[in-house]
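# Breakdown of the fold
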Amino acid sequence: MTIHTPVEANERVYPMPKVPAIAICLDGCEPEYLDKAIADGLMPTLKRMRETGTDRLAHSVIPSFTNPNNLSIATGRPPIVHGICGNYLIDPDSGEEVMMNDVRFLRAPTVFKQFYDAGAKVAIVTAKDKLRALLGAGLKFDDDRAKCFSAEKSDTSTQAEHGQEKASAWLGMAQPEVYSAELSEFVFAAGVKLLKEWKPDVMYLTTTDYVQHKYAPDQAEAKAFYEMFDKYLTELDAMGAAIVVTADHGMKPKHHADGSPSVVYVQDLVDEWLGKDAARVILPITDPYVVHHGALGSFATCYLPEDADRSDIIGKLKATAGITHVLTKEEAIKRFELPGDRIGDIVMVSGENICIGTSEDRHDLAALNEPLRSHGGLTEQEVPFIVNRVIDLGTAPELRNFDAFFYATTAAAQ
Ligand SMILES: [Zn+2]
């Protein structure tokens, strides 16, 4: 790489890296997962990074869901800038509920596109395909300077669309089952091979939280996952890259002592207060992959009918057990930096051990095989932020997970 001009993206300036700059987003990595695995001696490289590099906690964006945080990491900015505030929204033009994983919903260029446009080589590997199009927005694959593929669809990736023909065959790893730890392992293995053979300037590796939804930090399956990650991290670190390890959100148990899910069904409540279906409760965690969380998280937004008394409903929600924060749309835009046209009249967050549902009969809880663990609220906002170099994080009041590429490129430019 001979280009040394800094790159600008969304009003932030990123230095051009001298060694590969890598950010790794460990999906659902509640900090306790790392503490437990390190305590058992299963993560020697991450332990060393913590001791000799930079070790901090950062805040994710709210809602503490996967897509808003991945796009914040990819753009370096909160959802009010990039527009992606969930998996799911009510389209203000049509009134229809639509998935937000289409590129047309993205309002800001990614850091990857800006680096690519400046002449750098960029690689993105995601576990689930739902993120691929958004993360790869604006990249071109005709000059072998960009790669963006998913583990989930690695059998069918092409040079023209993903920068990599049949990624599974290239890697020598079968396309993993979508609900598996291997889906994330594929991402790490691909990252190691790319760094070794293709040498990207900027690389983003983002996993799936299948393991974290299922297993608590002290369970063997969770520890085995982080032990596996550390082996790949060791290889990435040994090749001289500057690496930031962070997460999109944490993960908390949200079930009763008997293992049944702990849920407050808000659509049922507003139906009672305003009449059936007068208001609409939207759970932006909803996506086609509901098996591990039953579409239950700790964040919801509610659209009210025009004649509703908003402050009355807010008062009632505030008095509801399990709901910890109820904000007007205007307050939510300000406090959580959310795009106002993609949230309802009210935003609410539930507590550490309880989820928000719509109507009890609309959630398929039989699909949950383990006691529910989920995320979305303020209690899942704290995530690791670990760098394999000593970097000056300054006295910035709040470190954010979406500062990952700023500090990865800063460390890589030293
Ligand atoms: Zn996630």
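About the cut-offs
- The written sequence of each chain sets the order in which its residues are numbered from 1.
- With pLDDT at 70 or above as the cut-off, local features in this predicted model cover only qualifying residues; side-chain atom pairs require 80 or more to be listed or tallied, and sums for whole chains, interfaces and linings still use all residues.
- By convention in this description, side-chain values take in all heavy atoms of the structure and omit both hydrogens and water.
- Think of a nonpolar core as a cluster: buried Ala, Val, Leu, Ile, Met, Phe, Trp, Tyr and Cys residues, connected wherever their side-chain atoms sit within 4.5 Å.
- Each residue is placed in one exposure class: buried if its accessible area under a 1.4 Å probe, protein chains only, is under 20% of its type's maximum, exposed if it is over 50%, and partly exposed if it falls in between.
- Going along the chain from the N terminus, every DSSP run of H or I of four or more residues is numbered as a helix, and every run of E of two or more is numbered as a strand.
- These domain boundaries are the output of an automatic or database domain assignment.
- Between two residues, a contact is recorded if the distance between any of their heavy atoms is within 4.5 Å.
- Accessible area that two parts lose when put together, with a 1.4 Å probe and added across both, is what the buried area reports.
- Put simply, a salt bridge is a Lys or Arg side-chain nitrogen that is within 4 Å of an Asp or Glu carboxyl oxygen.
- Whenever two N or O atoms come within 3.5 Å, that pair is a polar contact, provided that in protein one can donate a hydrogen and the other can accept it, and provided that, for residues adjacent in sequence, both atoms are side-chain atoms.
- Metal-coordinating donors are taken as N, O and S atoms lying within 2.8 Å of the metal, or within 3.2 Å when the metal is Na, K or Ca; because water is left out, some sites can appear incomplete.
- Working rule for geometry: tetrahedral if four donors all subtend angles between 85 and 135 degrees; square planar for four, octahedral for six, if opposite donors exceed 155 degrees and the others stay between 65 and 115; irregular in every other situation.

Per an unreviewed UniProt entry, the chain goes by the name Phosphonoacetate hydrolase and belongs to Ruegeria faecimaris.

### Remarks on the nonpolar core
Inside soluble globular proteins, nonpolar side chains tend to come together where they are buried. Judged by nonpolar contacts, the single largest core of 131 residues is most densely connected at Ile24, Phe112 and Val245. The element best represented in this core is helix 9 (residues 182–197), accounting for nine residues. Counting the residues that make up this core, at least three belong to each of domain 1 (7–251 + 376–412) and domain 2 (263–372). Residues in contact with Phe112, not counting those within four places in the same chain, are Ala74, Val122, Ile124, Leu135, Leu139, Val202, Tyr204 and Phe405.

### Observations concerning the domain arrangement of the chain
Per the domain assignment, the segments of the chain are domain 1 (7–251 + 376–412) and domain 2 (263–372). The distance between the C-alpha centroids of domain 1 and domain 2 comes to 28 Å. Each partner contributes residues to the interface: domain 1 has 37 residues there, and domain 2 has 32 residues. Interface area, domain 1 with domain 2, both sides summed: about 3100 Å², of which 61% is carbon and sulfur. Linking domain 1 to domain 2 there are four salt bridges. Between Glu97 and Arg280 there is a salt bridge, and its shortest N-O distance comes to 3.1 Å. Counting every contact that joins domain 1 to domain 2 gives nine residue pairs in polar contact (both at pLDDT 80 or more).

### Examining the coordination of the zinc ion
Every protein donor of the zinc ion is listed here as Asp27 (OD), Thr66 (OG1), Asp248 (OD) and His249 (NE2), and their distances to the metal cover 1.9 to 2.2 Å. In this structure, the zinc ion is coordinated by four donor atoms arranged in irregular fashion, with angles at the metal of 88 to 140°. Taken in sequence order, the residues that donate to the zinc ion follow the motif D-x38-T-x181-D-H. Taken together, the positions of Asp27 in the loop between strand 3 (21–25) and helix 1 (31–39) and Thr66 in helix 3 (residues 66–75) put the pair 39 residues apart, joining distant regions of the chain. Each member of the pair, Asp27 as well as Thr66, is classed as buried.

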